[in-house]
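# Understanding the architecture of this molecule
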Amino acid sequence: MSMMNIFNVSGSAVSAQSQRLNIVASNLANVDTVAGPDGQAYKARQVTFQTTLVGAQQNDPTAAGVTVSTITEDQTPGRRVHDPKHPQADADGYITYSNVNPVEEMVNMISASRSYQNNIEVMNTAKSLLLKTLQLGQS
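Keep in mind that this is a model prediction, so the values were computed, not measured.

Calculation rules
- The residue count restarts for each chain, going from 1 along the sequence in the order it is written.
- The predicted origin of the model limits local features to residues at a pLDDT of at least 70 and limits the giving and counting of side-chain atom pairs to 80 or more, whereas totals for whole chains, interfaces and linings rest on all residues.
- Water and hydrogen atoms were dropped before computing side-chain values, which therefore reflect all heavy atoms in the structure.
- Here a strand is any run of E in DSSP of at least two residues, a helix any run of H or I of at least four, and the numbering for each starts at the N terminus.
- Buried, partly exposed and exposed residues are distinguished by accessible area as a fraction of the type maximum, computed with a 1.4 Å probe on protein chains only: under 20%, between the cut-offs, and over 50%, respectively.
- Whether two residues touch is decided by their heavy atoms; if any such pair falls within 4.5 Å, the residues are in contact.
- Here, Shrake-Rupley sampling with a 1.4 Å probe gives the accessible areas, and only protein chains in the shown set may cover a residue.
- Any carboxyl oxygen of Asp or Glu within 4 Å of a side-chain nitrogen of Lys or Arg constitutes a salt bridge here.
- We define a polar contact as two N or O atoms separated by no more than 3.5 Å, with the added condition that, inside protein, one atom must be a possible hydrogen donor and the other a possible acceptor, whereas residues neighbouring each other in sequence contribute only through side-chain atom pairs.
- Note on scores: pLDDT gives the predictor's confidence for each residue, bounded by 0 and 100.
- What a helix is expected to span follows from its residue count: subtract one and scale by 1.5 Å.
- Any pair of Phe, Tyr and Trp rings, taking the six-membered ring for Trp, is counted once the centres come within 6.5 Å. Such a pair is stacked with planes under 30 degrees apart, edge-to-face with planes over 60 apart, and tilted for the rest.
- We count a charge as sitting over a ring when the NZ of a lysine or the CZ of an arginine lies within 6 Å of the ring centre and within 35 degrees of the ring normal.

This part is about the overall build of the protein. Within the protein, the regular secondary structure consists of 2 helices and 4 strands. In the protein, the order of α-helices and β-strands from amino to carboxyl end is α-β-β-β-β-α. In the protein, which comprises 139 residues, the share counted as buried stands at 27%. Counting only contacts in the protein whose residues sit at least 6 apart along the sequence, the fraction spanning at least 24 positions is 60%. In the structure as shown, the protein presents an accessible area of about 9,100 Å², 55% of it carried by carbon and sulfur atoms.

What follows is the structure, given as structure tokens:
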């Protein structure tokens, strides 16, 4: 594996973690949303990653890294609260909130943020090593 592949791997990981952060932000923005006119509340979404091994892609045999393979919706039922005065209440007086767990999403956000930062640090370290290697040739 060449030094340049480090940038491919870390770059793909940064891109994947960026998508994960966007999904987490969407989930957190919809924590307290109620079911819409169709009766369906927002469902939390989760990102699944897949590794790409060196030589696995025919069009680019040196490609390696990580990609987002799927984004799935959590199928657990939403939180139901009895509030017959709410305009979105059903016939029994219940409103259905999204199934987003804000604590889990905050942990997910911190994890994605740290992974993002770590991959940026890997790229900065690789850049520094390459620059030092070039400086060796100048002396």
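Following the structure, the description resumes.
What follows concerns the pattern of salt bridges. In this structure the tally under the stated criterion is 2 salt bridges. For the salt bridge of Asp-32 with Arg-79, the shortest nitrogen-to-oxygen distance reads 3.5 Å. In this pair, Asp-32 sits in the loop between α1 (3–29) and β1 (45–52) while Arg-79 sits in the loop between β2 (65–73) and β3 (80–82), placing the two residues 47 residues apart along the sequence. Since its relative accessible area comes to 42%, Arg-79 is described here as partly exposed. Across the pair Asp-90 and Arg-80 runs a salt bridge, and its minimum N-O distance is 3.4 Å.

Turning next to the side chain of Asn-99. As for its placement among the helices and strands, Asn-99 is situated in the loop between β4 (94–96) and α2 (102–138). Residue Asn-99 is classed as buried on the basis of its relative accessible area, which comes to 13%. Engagement of the side chain of Asn-99 in a polar contact is seen with the backbone oxygen of Asp-74, the distance being 2.9 Å. In contact with Asn-99, not counting residues within four places along its chain, are Tyr-42, Lys-43, Ala-44, Asp-74, Gln-75, Thr-76, Pro-77 and Gly-78.

With that settled, consider the confidence of the model for the protein. Looking at the protein as a whole, its pLDDT mean stands at 86, while 89% of the residues score no less than 70. Between the elements of the protein, mean pLDDT differs from a low of 87, seen in β4, to a high of 91, seen in α2.

The subject of this paragraph is α2. In this model α2 runs 54 Å from its N-terminal to its C-terminal C-alpha over 37 residues, within 8% of the 54 Å that 1.5 Å per residue would give. Looking at α2, one finds that the buried residues are Glu-105, Asn-108, Ala-112, Asn-119, Met-123 and Ala-126. Contacts from the buried residues of α2 go to α1 and β1. With a side-chain oxygen lying 3.1 Å from the backbone nitrogen of Val-103, the N-terminal cap of α2 falls on Asn-101.

With that settled, the discussion passes to the side chain of Asn-119. Within the fold, Asn-119 resides in helix α2. Beyond its immediate sequence surroundings of up to four residues, Asn-119 is in contact with Ser-10, Ala-13 and Val-14.

Relative to the helices and strands, Met-106 is located in helix α2. Assessed through its relative accessible area of 37%, Met-106 is described here as partly exposed. Separated by 78 residues in the primary sequence, Met-106 and Leu-28 place their C-alpha atoms 8.1 Å from one another.

We now examine the packing of aromatic side chains. On inspection of all chains with the given rule, the structure shows 0 aromatic pairs. The aromatic ring of Tyr-97 is capped on one face by Arg-79, whose charged end is 4.3 Å from the ring centroid.

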